[in-house]
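The lines below spell out each chain.
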Amino acid sequence: MPKEYIARLVFDRRHKSLAILSSDPEKKDCDDEIIGGICYRAYPEMRFAEIAFCAVSASQQVKGYGTKLMNLLKMHAVTEGIEFFITYADNYAIGYFKKQGFTKAVSMPKGRYQGLIKDYDGGTIMECYVHPTIDFTRVPEMIQAQKQFILERIRAGTAKSDKVVYPPLPPDFYAGQDVKSRAEKGAAERSLAIPGVSEAGWTMADLMASTRDAKDSDKKKHQLKSDLLALVSKVQDQQYSWCFRDPVDTNEVKDYLDVVGDPIDLKTMEKRIRRGDWYKTKHMLFSDMMKMVNNCKLYNGEGNTYYDCAVSLEKYLASISPMFTE
């Protein structure tokens, strides 16, 4: 990027910058003091921020500073109420942003960022959801603790079997077996025949679950999650969905829970989808959306804007209902 362009971004009063500085006293007050930095612009009313510039000094790359920089930015973003980061990445930056949790599948409703950010030719738009309860600065520590916990459980479960050393498999070990078969049962049987596998506590069921059946299940869950987020985004994009996007503020509407026993809104649905296994099918999401419509009609009654929005949304859901059964 040209220096003039970078300077314009960094010194724009609407932009904020975060930088990592070297603690080496010999580098103080010189160019080498700056290890890296990120420049971004927040849109608080839309709860997202656009990353305009991100760079790490060439002499400091491949040392983890890029990840540290992004994690610090995410922690700060939570204090500003930012839910999403969005950026345009060139071909050289896509890999970096993927490692930082960004994805090419943008789930944020288009109406929240369209017209606010600039489109770049040759760039790929990417998005990152900023989870409000994760301490991103402790991610490496948490992963290490999880790894240690799993290793301890494995060692506790296998007792002394992990200390046993078995001889190498003989050259004719697989003689007479169909080693080219990719069937789950065949692969599990071959694995179970290896000395030490069953002694370590593995069973046929365990090995079957770790092969293609488990992978297919994960793929289906991931696809369902993507489909559900796309459906929520489609509903959020409708102009009459504005009153359903966030939970009803019961501090302002004090009698709401006296009338509505099971409140629901689009933001809550999105959180449930991202959390994991709440919705097993698309129809379950459709049921929640209809509950949201009925709650609105129940509390507000006919003859006001909220009721009219609920009627419009109900008609729209009926028109796209086949998408909830595919």
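Structure first, text after, so check above.
In what follows, the accompanying structure is described.

## Looking at the packing of aromatic side chains
Ring pairs (aromatic) are described by centroid distance and by the angle formed between their planes. Evaluated as defined, the whole model comprises nine aromatic pairs. Aromatic pair Tyr240 and Tyr316: ring centres 6.4 Å apart, planes at 65°, arrangement edge-to-face. Placement of Tyr240 in the loop between helix 8 (212-236) and helix 9 (256-259) and of Tyr316 in helix 12 (residues 305-319) is noted, with a sequence separation of 76 residues between them. With relative accessibility at 18%, the residue Tyr240 sits in the buried group. Tyr316 sits in the buried class, given a relative accessible area of 14%. Taken together, the ring pairs in this structure connect Tyr96, Phe97 and Phe102 into an aromatic cluster.

## A short note on the environment of Tyr316
In the structure, Tyr316 is positioned 78 residues away from Gln238 in sequence and 8.9 Å away in space, judged by C-alpha atoms. With near-sequence residues (within four places) excluded, Tyr316 lies in contact with Lys234, Val235, Gln238 and Tyr240.

## Observations concerning the nonpolar core
Formed by 28 residues in total, the largest nonpolar core has its most connected members in Phe244, Leu285, Met289, Leu313 and Leu317. For this core, the secondary-structure elements that each account for two or more residues are helix 8, helix 10 (266-275), helix 11 (282-300) and helix 12. A total of seven residues in this core trace back to one element, the largest contributor, which is helix 11. Among all residues touching Leu317, those that are not within four sequence positions of it are Val235, Phe286, Met289, Met290, Val293 and Phe324. Grouped together as the second largest cluster of nonpolar side chains are 23 residues, Leu18, Ile20, Ala93 and Phe136 included.

## Concerning the pairing of strand 2 (residues 34-43)
Burial analysis of strand 2 places eight of its 10 residues in the buried class, which makes it a mostly covered element. By the bridge criterion, six bridges tie strand 1 (residues 16-21) to strand 2 in an arrangement that is antiparallel. Of the residues in strand 2, the one forming a bridge with Ala19 is Gly37. For strand 2 and strand 3 (residues 48-56), the ladder comprises eight bridges, and the chain directions are antiparallel. Paired with Gly37 across the two strands is Ala55, which belongs to strand 3.

## Considering unusual backbone geometry
With a phi angle near 60°, Arg47 is a residue other than glycine that sits in the positive phi range. Within the element layout of this structure, Arg47 appears in the loop between strand 2 and strand 3. The backbone of Val62 shows a phi angle near 60°, a positive value even though the residue is not glycine. Structurally, the position occupied by Val62 is in the loop between strand 3 and helix 2 (65-79).

## Some points on the sheet that holds strand 5 (residues 124-129)
The strand order across the open sheet formed by five strands is 1-2-3-4-5, and the pairing between neighbours is mixed. Edge positions in the sheet fall to strand 1 and strand 5, since each has one partner strand and no second. Taken pair by pair, the neighbouring strands of this sheet meet at an average axis angle of 25°, ignoring direction.

## Some remarks on the side chain of Gln60
Tracing the sequence through the fold places Gln60 in the loop between strand 3 and helix 2. Sequence-distant contacts of Gln60, defined by excluding residues within four places in its chain, comprise Lys27, Ile35 and Tyr65.

## Observations regarding the side chain of Ser22
Mapped onto the elements, Ser22 comes out in the loop between strand 1 and strand 2. Of the polar contacts made by the side chain of Ser22, one reaches the backbone nitrogen of Asp24; its length is 3.1 Å. Residues contacting Ser22, with those up to four places away along its chain left out, are Lys27, Asp32, Glu33 and Ile35.

Parameters at a glance
Residues numbered from 1 in each chain as written. Predicted model: local features only at pLDDT ≥ 70, side-chain atom pairs only at ≥ 80, totals over all residues. Heavy atoms only, no water. Phe/Tyr/Trp six-rings, centres within 6.5 Å; stacked < 30°, edge-to-face > 60°. Helix = DSSP H or I, 4+ residues; strand = E, 2+ residues; numbered from the N terminus. Buried < 20%, exposed > 50% of the residue type's maximum accessible area, 1.4 Å probe, protein only. Contact = heavy atoms within 4.5 Å. Core = buried A, V, L, I, M, F, W, Y, C linked by side-chain atoms within 4.5 Å. Pairing = 2+ DSSP bridges. Axes fitted to C-alpha atoms, helices over the stretch in contact; angles between N-to-C directions. Polar contact = N/O pair within 3.5 Å; in protein donor to acceptor, adjacent residues only side chain to side chain.

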